[in-house]
Amino acid sequence: MIFDGQSKIKKAGFVGIIGRPNTGKSSLLNQLVGQNLALVSHKANATRNKMYMIVPYTTRTEIECQMVFVDTPGIHKAQKLLDQFMFQVALRVMNECDVCVFMASVFDDVRYYEEFLTLYNNSQGPNKKVKHILILNKTDLASPQKLLQKIKEYQVFSDYFAALVPISVKRSYNLTEFLEQIALCLPESSALFDEQDLTTHTIREISKEMIRQSLFTNLSDEIPYESDVILKDFTYTTKQKSRANKHISNRIAHITAAIYTSKESQKKIVIGKGGSTLKRIGVCARKSIEEILGEQVFLYLEVIADKEWAKNKKNLKNFGYNFDQ
């Protein structure tokens, strides 16, 4: 939704973050907004859908900007139907964003960047001829010699990118320079969204991602990829407290969610002996949601085994994966 209020914003636009799995895209955006809103995992392909993060930025020349970053699934071979959806999301963002950023690890082979160039140059979006920004992450783990060598390898493609910026999300290194380069490429525009917002995601959507985050944190490699989450109910109640002759009302969020797995054996693993694993998943997710909401949360989880949940587009749509959007 376009924000029509008065604003000092002079430049604004959508910034698509594209890259392979595990390059640090979601970690970067969490760092920029100052909250853990995007799902982060060391396991590949944790991000399944796009997510908007709104970052205000004032340039060195005092130009007020609103950067609407779009987190995307990692570019990878599309095998299953859900993989195809994730790949489609990344391509669509690449085509439609005002500024495209390709994010690579300093340890990645340059051939992955060449594959991106092929996709980007063959795209039919309005920004087909717009140069992108290239960032190299995890520079804190590389020697100066390794970093210089990798930069030289990418310089061969300098005709294609507007800027090459080495960064370290973990060390917050060179992020200001990264934002400066984005600001140079942003179109002139007033604010696109309310300047107080951090994301366009609803609390329901963020809560779902925090439950998925807990699945990745607390389960083995296979299970999180074979599972997903549907929020069945999200309501508030008010708890009255009396302190020093004053009545204070505190809201409590009540969230009911279903975790879907593909197999009955996976369901048993998610639940664990005596429900121990499910309890651990719930505690971890609840704490994350409470941190974001700033309110007490009661989280109720159930586990459903359904081998068909990801077998067709209609079923995937129930989980928020709409191929038509």
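Structure report, in brief. Predicted model, so just to flag it, every value in this text is computed and none were measured.

1. Here's the deal with the pattern of salt bridges
No. 1: For the structure on display, the rule yields 11 salt bridges.
No. 2: Arg-212 is the partner of Glu-209 in a salt bridge, and the nearest nitrogen-oxygen pair spans 3.2 Å. A residue pair is termed a helical-turn pair when its members lie 3 or 4 positions apart in one helix, as Glu-209 and Arg-212 do in helix α6 (residues 203-218) at three residues.
No. 3: We classify Arg-212 as buried; its relative accessible area is 2%.
No. 4: Residues Arg-251 and Glu-295 are paired through a salt bridge, measuring 3.0 Å at the closest nitrogen-oxygen approach. With Arg-251 in strand β8 (residues 246-261) and Glu-295 in the loop between α9 (276-293) and β9 (296-305), the pair connects residues that are 44 residues apart, well separated along the chain.

2. Brief notes about helix α2 (residues 81-96)
No. 1: With 16 residues, α2 should reach 22 Å at 1.5 Å per residue; the first-to-last C-alpha distance of 23 Å fits that figure.
No. 2: Looking at α2, one finds that the buried residues are Leu-82, Asp-83, Phe-85, Met-86, Val-89, Ala-90, Val-93, Met-94 and Asn-95.

3. Some points on the packing of aromatic side chains
No. 1: Applying the stated criterion across every chain, the model contains 14 aromatic pairs.
No. 2: Ring plane angle 90° and centroid distance 6.1 Å describe the contact between Phe-14 and Phe-193, whose orientation is recorded as edge-to-face. With a gap of 179 residues between them, Phe-14 in strand β1 (residues 11-19) and Phe-193 in the loop between α5 (175-185) and α6 connect regions that are remote in the sequence.
No. 3: Relative accessible area serves as the criterion here: at 26%, Phe-14 is assigned to the partly exposed category.
No. 4: What links up through ring pairs into an aromatic cluster is the set Phe-102, Tyr-113, Phe-116, Tyr-120, Tyr-154 and Phe-157.
No. 5: In this structure, Arg-20 is placed above the aromatic ring of Tyr-112, and the distance from its NZ or CZ to the ring centre is 3.7 Å.
No. 6: Directly above the ring of Phe-323 sits Lys-313, whose terminal nitrogen or CZ lies 4.9 Å from the centroid.

4. Side note on the sheet that holds strand β6 (residues 161-166)
No. 1: In space, the six strands of this open sheet follow the order β2-β3-β1-β4-β5-β6, with mixed pairing throughout. What marks the edges here is a single partner per strand, and that holds for β2 (51-58) and β6. Geometrically, the sheet is characterised by an average inter-axis angle of 25° between neighbouring strands, direction not taken into account.
No. 2: Relative to strand β3 (residues 64-71), β1 runs parallel, the two sharing seven bridges. For Ile-17, the partnering residue across the bridge sits in β3 and is Asp-71.
No. 3: The strands touched by α5 within the sheet are β1, β2, β3, β4 (99-105), β5 (132-137) and β6, with β3 carrying the most contacts at an inclination of about 100°.

5. Notes on the pairing of β2
No. 1: Strand direction decides the pairing type here: β2 and β3, joined by eight bridges, are antiparallel. Its bridge partner being in β3, Val-55 is matched across the sheet by Met-67.
No. 2: Between the antiparallel neighbours β2 and β3 lie five residues, among them Glu-62 with a positive phi of about 65°.

6. Structural notes on the packing of helix α1 (residues 25-33) against α5
No. 1: Where α1 meets α5, the axes come as close as 12 Å, and the angle between the chain directions of the two elements is 90°. The orientation of α1 with respect to α5, classified from their angle, is roughly perpendicular. Residues Leu-28, Gln-31 and Leu-32 of α1 form the contact with α5, whose participating residues are Leu-175, Phe-178 and Leu-179.
No. 2: Here the residues of the contact of α1 with α5 sort into five nonpolar, one polar and no charged.

7. Quick look at the environment of Glu-308
No. 1: Along the chain, the position of Glu-308 falls in the loop between β9 and α10 (313-317).
No. 2: On the accessibility criterion, Glu-308 (36% relative accessible area) is partly exposed.
No. 3: With 45 residues separating them along the chain, Glu-308 and Lys-263 place their C-alpha atoms 9.7 Å apart.

8. Points about the nonpolar core
No. 1: In this structure, Leu-28, Met-67, Phe-69, Phe-178 and Ile-182 are the most contacted members of the largest nonpolar core, which totals 53 residues.
No. 2: The residues contacting Phe-178, other than those within four sequence positions of it, are Ile-17, Leu-28, Leu-32, Phe-69, Val-101, Ile-133, Ile-135, Val-165 and Ile-167.
No. 3: Residues Ile-75, Ala-104, Tyr-154 and Phe-319 belong to the second largest nonpolar core, which totals 36 residues.

What counts as what
Residues numbered from 1 in each chain as written. Predicted model: local features only at pLDDT ≥ 70, side-chain atom pairs only at ≥ 80, totals over all residues. Heavy atoms only, no water. Salt bridge = Lys/Arg side-chain N within 4 Å of Asp/Glu carboxyl O. Helix = DSSP H or I, 4+ residues; strand = E, 2+ residues; numbered from the N terminus. Buried < 20%, exposed > 50% of the residue type's maximum accessible area, 1.4 Å probe, protein only. Expected span 1.5 Å × (residues − 1). Phe/Tyr/Trp six-rings, centres within 6.5 Å; stacked < 30°, edge-to-face > 60°. Lys NZ or Arg CZ within 6 Å of the ring centre and 35° of its normal. Pairing = 2+ DSSP bridges. Axes fitted to C-alpha atoms, helices over the stretch in contact; angles between N-to-C directions. Contact = heavy atoms within 4.5 Å. Parallel < 35°, antiparallel > 145°, perpendicular 65-115°, else oblique. Nonpolar A, V, L, I, M, F, W, Y, C, P; charged D, E, K, R; others polar. Core = buried A, V, L, I, M, F, W, Y, C linked by side-chain atoms within 4.5 Å.

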